[in-house]
Amino acid sequence: MGWGVGQSPVIGIFGGTFDPIHFGHLRPALEVMESLGLDEVRFIPAHVPPHRDRPGRSTAERAEMVALAIAGQPGFVLDTCELEREGPSWTVDTLALLRERFGDAEPLLLMMGSDAFAGLPSWHRWERLVELAHIVVMTRPGDHPELAVFPAGWVEARLAAGADDLRGAPAGRILRLPVTQLDISATKIREALRRGQSVRYLLPEPLLDYIQSRHLYC
Ligand code: ATP
């Protein structure tokens, strides 16, 4: 059991397109889980990503790849709640659903890379997100200068100095967490596959077979 209010479990939520999932998702997620003492990390593939072009792979295929990638890692869980919902998968709706499922007392930690965080103010009802969960920002290689679009002082007012600042409250703080810098993106993987290049060592081995046998991304 984790460090939440009344020792309730502490849950990390990691949403993404995962088209496909790769080591740049998996290693940082493991580091967050271990360094913050999370009980689980729920990987939630987006059904209809509202902030980007629709991916060519089906949601079911992307979810299957997540399942293959996390198999055998204690604490890593595939959550298909966005697949089961019609319409755009707004993160705020997903968090509200998880709140209903897990109750109000349990700390929920919404995990995202620094590039995603830099664009947060463009998300649907973004200010509500931090009322429903803490936000853990995983450092990612590259510059993400859009931070200026946050209202002045908004981030600073919520910034946690360390993991201890998240304890005892179910939501409300923002923690920046350095993780191993892996300059891997799904875009680069898709491009390499389109060019007929190998993507070995960028994602888990079982995904190579899965992608190859289904002729994905070529
Ligand atoms: P694409 O290249 O298609 O945009 P992506 O590799 O950025 O995809 P997403 O599924 O869009 O992957 O990302 C899901 C989440 O994982 C986002 O919060 C993103 O910031 C984070 N993330 C993706 N790659 C990394 C990485 N290499 N290091 C840290 N965080 C990452």
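A quick note: this is a predicted structure, and the numbers were derived from the prediction, not measured.

Peer 1: Please explain the overall build of the protein chain as it appears in this structure.
Peer 2: Scanning the protein chain for helices and strands turns up eight helices and six strands. Ordered by position from N to C terminus, the α and β elements of the protein chain give β-α-β-α-β-α-β-α-α-β-α-β-α-α. By the burial criterion, 49% of the 218 residues in the protein chain qualify as buried. The long-range share in the protein chain, meaning contacts at least 24 apart out of those at least 6 apart in sequence, stands at 75%.

Peer 1: Any chance you could explain the layout of surface pockets here in plain terms?
Peer 2: Over the atoms, a rolled probe matching the size of one water molecule traces out where space is still vacant. By volume, the second largest pocket amounts to about 270 Å³. Together, 14 residues line the second largest pocket, and L193, Q197, V199, L208 and Q212 are the ones closest to its centre. It is helix α8 (residues 205-213) that provides the largest number of residues to the lining of the second largest pocket, a total of five residues. For the lining of the second largest pocket, the per-class residue count stands at seven nonpolar, five polar and two charged.

Peer 1: What's the story with unusual backbone geometry in this structure? I'm lost.
Peer 2: The phi angle of most residues is negative, glycine excepted, and most peptide bonds adopt the trans form. Of note, the amide linkage connecting D19 to P20 takes the cis form, showing an omega dihedral of 0°. Relative to the helices and strands, P20 resides in the loop between β1 (11-16) and α1 (23-36). The phi angle at H215 is positive, at roughly 55°, despite the residue not being glycine. For H215, the location among the structural elements is in the segment after α8. Taking the relative accessible area as the measure of exposure, H215 reaches 60% and is therefore exposed.

Peer 1: Got a minute to help me understand the packing of helix α2 (residues 59-70) against α8 in this structure?
Peer 2: The interhelical angle for the contact between α2 and α8, taken along N-to-C directions, is 150°, at an axis separation of 8 Å. In this view, α2 runs roughly antiparallel relative to α8, as classed from their interaxial angle. You can see that α2 and α8 cross each other, and the crossing is right-handed. Side by side, α2 and α8 meet where E61, E64, M65, L68 and A69 of the first sit next to P206, L207, Y210 and I211 of the second. Tallied by class, residues from the contact of α2 with α8 come to seven nonpolar, no polar and two charged.

Peer 1: In this structure, what is going on with the side chain of E31? I would like to understand it.
Peer 2: Structurally, E31 is set in helix α1. Separated by 2.7 Å, the side chains of E31 and R27 make a polar contact. Contact partners of E31, with chain neighbours within four places excluded, come to V179 and T180.

Peer 1: Please explain the nonpolar core as it appears in this structure.
Peer 2: Within soluble globular proteins, side chains that are nonpolar generally end up buried alongside one another. The biggest cluster of nonpolar side chains holds 39 residues, and the ones touching the most others in it are V32, L36, L38, F43, F76 and M111. Contributions of two or more residues to this core are made by α1, β2 (40-45), α2, β4 (108-113), β5 (134-138), β6 (174-177), α7 (186-194) and α8. Ranked by residues supplied to this core, first place goes to α1 with six residues. Of all hydrophobic cores here, the second largest spans 24 residues; its members include L95, L108, M112 and W126.

Peer 1: Any chance you could explain the sheet that holds β1 here in plain terms?
Peer 2: Strand-to-strand pairing in sheets goes through backbone hydrogen bonds, with the strands running parallel or antiparallel. The strand order across the open sheet formed by six strands is β3-β2-β1-β4-β5-β6, and the pairing between neighbours is parallel. Each edge of the open sheet is held by one strand with a lone partner, namely β3 (76-78) and β6. Strand-to-strand twist across the sheet, computed as the mean angle between neighbouring axes with direction ignored, equals 25°. Bridge count for β5 against β6 is four bridges, and the pairing is parallel. By the bridge assignment, I135 is partnered in β6 with I174. Helix-sheet contacts for helix α3 (residues 91-102) involve β1, β2 and β4, and the interaxial angle to β4 is about 150°.

Rules of the game
- Residues numbered from 1 in each chain as written.
- Predicted model: local features only at pLDDT ≥ 70, side-chain atom pairs only at ≥ 80, totals over all residues.
- Heavy atoms only, no water.
- Helix = DSSP H or I, 4+ residues; strand = E, 2+ residues; numbered from the N terminus.
- Buried < 20%, exposed > 50% of the residue type's maximum accessible area, 1.4 Å probe, protein only.
- Contact = heavy atoms within 4.5 Å.
- 1 Å grid on protein atoms, 1.4 Å probe; cavity = no way out; pocket = protein on both sides within 12 Å on 5 of 7 lines; lining within 4 Å.
- Points joined across faces, edges and corners; volume = space filled by probe spheres on them.
- Nonpolar A, V, L, I, M, F, W, Y, C, P; charged D, E, K, R; others polar.
- Axes fitted to C-alpha atoms, helices over the stretch in contact; angles between N-to-C directions.
- Parallel < 35°, antiparallel > 145°, perpendicular 65-115°, else oblique.
- Left-handed = near helix turned anticlockwise from the far one by under 90°.
- Polar contact = N/O pair within 3.5 Å; in protein donor to acceptor, adjacent residues only side chain to side chain.
- Core = buried A, V, L, I, M, F, W, Y, C linked by side-chain atoms within 4.5 Å.
- Pairing = 2+ DSSP bridges.

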